[in-house]
There are 2 protein chains.
Amino acid sequence: MVTIYDIAAKAGVSAMTVSRVINNTGKISDKTRAKVRRVMEELNYVPNHMARSLVLQQSNLLFLLITDITNPFYTTLARGAEDAAKKHGYRLLFGNSDESVDKEKDYVDTILATRADGVLVAPAGDPSLPHLETLRKHQVPFVLLDREVPGLDSDVVLGDSKEGARKLVDHLTSLGHKRIALINGSPSISSARLRLEGYREALKLNDLAYDDDYVLETAFEPRSDLSDIESWLDRMDPPPTAIVAGNNVLAVEVIRTLHARGIRVPDQVSLVCFDDLGPYSEIDPFLTVISQQAYQFGYLGMQMLIERIQERGEAGLPWRKVVLPADMIVRRSVSSIR
Amino acid sequence: MVTIYDIAAKAGVSAMTVSRVINNTGKISDKTRAKVRRVMEELNYVPNHMARSLVLQQSNLLFLLITDITNPFYTTLARGAEDAAKKHGYRLLFGNSDESVDKEKDYVDTILATRADGVLVAPAGDPSLPHLETLRKHQVPFVLLDREVPGLDSDVVLGDSKEGARKLVDHLTSLGHKRIALINGSPSISSARLRLEGYREALKLNDLAYDDDYVLETAFEPRSDLSDIESWLDRMDPPPTAIVAGNNVLAVEVIRTLHARGIRVPDQVSLVCFDDLGPYSEIDPFLTVISQQAYQFGYLGMQMLIERIQERGEAGLPWRKVVLPADMIVRRSVSSIR
DNA sequence: ATAAATAATGTTACCGATAACATTAAATTA
DNA sequence: TAATTTAATGTTATCGGTAACATTATTTAT
């Protein structure tokens, strides 16, 4: 591995001079600068980030931790984060926690060990609290995305989950639906809780009774075993005329299960969900969804993060909470009753 | 930031003893081990990767560079790579080059500077050669995914692009199609070249003439400006009865363009493509595709990479080229002619 | 012309960890 | 019990950079 000392030796200068050329600091004569540059080219020099960050105590690296890299909501969000990071001259790396608090903890360790300058996190859930507190303790600035964690003050970019759920339920009731089921993520995830709340409120406002049997709380990420969905469908009696899914993944899995049973959407049951299916929903715009501005989650979150990093130390800047609107896109997955 | 020296001081031992406890090396009495552990907990110690890798000359970090984080092919591949890396105890970070050779080069610099132990790369194209050579020069093991780079020997995991294209065209001709168009990625990408070759061969075998006007070579990644697709559609006269898309993104954009013109698939024109649309194609299995085993690309590639890393130095192990089969899934996006 | 300022470069110490070698204490063996 | 192992811990140098402080050459000011 070529080091500044190799360069220095070959160019007949000191290592410090080479360092100055690399970083454009201090005063260097044009002649030495040129000579050093030439030798660097010749030897294919690449600076060693680790050595550098070790002494500088900062890495110029940012991280984005998402919970499901196969979910278009998060990949679109990632593109937003990437663009914002690039605009400010930061490098961005990604990690995928797979909705697992343990994997997330591993990433947090990697991030700490790598001495990242900041982190954007879509936390796996409330149990993420301990390792987020670890980040805080080590003074690594972070911004939460899509999910809050109770007991932790921080900047956060959220979607209006409650309002979104209300809109979906209202849409269904306006078309005559009365037996509306909900399949949702784990209640340890703030957005899932809000979606449940919105669902319950909307039921109440529409004078519909809430029934535990019609609600399934499961996992937001793709799974191979659909048996919990199966038994939930069996349990509901009479069957629902409409289903609200807490995210796009769940909607897809509900459809798969229904199709396997020969039940058609929306003919026999209507379906709506949170989050679009990415560009691929363009092929056949079918699902009626709450379309969250995924790109904005990433872009705004990254901007907030970078502001935090750059204001470091200054007391000011209270925690900021950005709530992005929940817009419904009506498509063909809902039929009207009668 | 807490260091081993802080721990050492508080525990009344030397830094080296702390290091031994952390790494489980050397001999340590149970008593000191316990004491050191306790202090580490108390102070919330996190090892500094940078300092560590600096002296160890290895980071235990692996990278995966993909070209389009919003493409389900690559995100599924990423899941495979992640699982394989985890199985072998490596940490994995992701980078997204967005099909840009320049962004890719930036990532390569980050990777070099981070002293990653190895890299999985889906190269942006043939122009990636220089920075891949830089990786090679710095002895960072890498495995190419999905695309080869002429002039560079390396391990590589490919799909059978030529055969896939042939299958698609054969399928179309078997249903009576004679005017078959191709929209493809840049010819600077090996897989795109092979798909073109397969397309031409299949035309020839079916006694169909090749016509330049029926082929559009554009970019594989999502774009906002669809005008090149527009003008290509205008140019073809008579219009094709079927279109082969070089990947899923292009297929979606063709559909968008066609829909905007009021042209229906498959009623007025048939459409087939490479790569599935992820789990979301399950909602409405519509597109007839060559389904590549995305997960296996990542999983096998990662295994090959780790073998390389662990055999480091040993002369053996010739470059390996794995070609995964191209399986066609027939769905509803093709109609038969007459 | 000589002091004072400035430009250009070099030296030393350190960032946080570990390898290699050194030392001391405890346990075996002769 | 003295000699030898072995266990447990400590010291020093180093990884590849950079900050802070020298030092030397060159200008500029007086």
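This structure is a prediction, so every number in the text was calculated from the model and none was measured.

Caption draft 1: Structural detail: the relation of the copies chain B and chain A. You can overlay chain B on chain A at an RMSD of 0.1 Å; the transform is a turn of 180 degrees with a shift of 0.1 Å along its axis. The superposition operator between the copies reduces to a two-fold rotation axis. An overlap of 100% is found between the interface residues of chain B and their copies at the interface of chain A, pointing to a shared contact surface.

Caption draft 2: Layout of the packing of aromatic side chains. For the structure shown, the criterion picks out 8 aromatic pairs over all chains. On the basis of an interplanar angle of 75 degrees and a centroid distance of 5.3 Å, the ring pair of Phe-73 of chain B and Phe-297 of chain B is categorised as edge-to-face. With Phe-73 of chain B in helix H5 (residues 72-87) and Phe-297 of chain B in helix H12 (residues 294-310), the pair connects residues that are 224 residues apart, well separated along the chain. Across the pair, exposure class does not vary: Phe-73 of chain B and Phe-297 of chain B are buried alike. On the numbers, 6.3 Å between centres and 75 degrees between planes, the contact of Tyr-199 of chain B with Tyr-210 of chain B is edge-to-face. On the criterion of sequence distance, the pair formed by Tyr-199 of chain B in helix H9 (residues 190-205) and Tyr-210 of chain B in the loop between H9 and strand E7 (215-217) is long-range, its members being 11 residues apart. Overall, Tyr-199 of chain B belongs to the buried group, its relative accessible area being 1%. A connected cluster of aromatic rings, assembled from ring pairs, spans Phe-73, Tyr-74 and Phe-297 of chain A. The positively charged end of Arg-195 of chain A is found above the aromatic ring belonging to Phe-274 of chain A, 3.9 Å away from the centroid.

Caption draft 3: Here's a closer look at the interface of chain B and chain A. Each partner contributes residues to the interface: chain B has 56 residues there, and chain A has 57 residues. Taken together, the two surfaces of chain B and chain A that pack against each other cover about 5,400 Å², and 64% of this comes from carbon and sulfur. Its largest share of buried area at the contact with chain A, chain B owes to Met-50, Tyr-280 and Ile-283 of chain B, together 15% of the area lost on that side. Applying the counting rule to chain B against chain A returns 2 salt bridges. Residues Asp-98 of chain B and Arg-79 of chain A are paired through a salt bridge, measuring 2.9 Å at the closest nitrogen-oxygen approach. Where chain B meets chain A, there are 11 residue pairs in polar contact (both at pLDDT 80 or more). Listed by contribution, the elements that provide at least two residues to the side of chain B that touches chain A are helix H4 (49-56), strand E1 (61-66), H5, strand E2 (91-96), helix H6 (101-114) and helix H11 (248-260) of chain B. Residue composition of the side of chain B that touches chain A, grouped by class: 26 nonpolar, 16 polar and 14 charged.

Caption draft 4: Fine view of the protein's contact with DNA strand C. With respect to spatial proximity, 27 residues lie near DNA strand C, and among them Arg-20 and Lys-27 of chain A together with Ile-4, Ser-19 and Tyr-45 of chain B are the closest. The protein-proximal atoms of DNA strand C, defined as those within 4 Å of the protein, are 66% sugar or phosphate. One of the backbone nitrogen or oxygen atoms of Ser-29 of chain A is found 2.8 Å away from a phosphate oxygen of DNA strand C. Note that a phosphate oxygen of DNA strand C is positioned 2.6 Å from one of the backbone N or O atoms of Ile-4 of chain B.

Cut-offs used in this document
Residues numbered from 1 in each chain as written. Chains lettered and ligands numbered in written order. Predicted model: local features only at pLDDT ≥ 70, side-chain atom pairs only at ≥ 80, totals over all residues. Heavy atoms only, no water. Least-squares fit on C-alpha atoms with pLDDT ≥ 70 in both. Contact = heavy atoms within 4.5 Å. Phe/Tyr/Trp six-rings, centres within 6.5 Å; stacked < 30°, edge-to-face > 60°. Helix = DSSP H or I, 4+ residues; strand = E, 2+ residues; numbered from the N terminus. Buried < 20%, exposed > 50% of the residue type's maximum accessible area, 1.4 Å probe, protein only. Lys NZ or Arg CZ within 6 Å of the ring centre and 35° of its normal. Buried area = accessible area lost by both parts, 1.4 Å probe. Salt bridge = Lys/Arg side-chain N within 4 Å of Asp/Glu carboxyl O. Polar contact = N/O pair within 3.5 Å; in protein donor to acceptor, adjacent residues only side chain to side chain. Nonpolar A, V, L, I, M, F, W, Y, C, P; charged D, E, K, R; others polar. Near = heavy atom within 4 Å.

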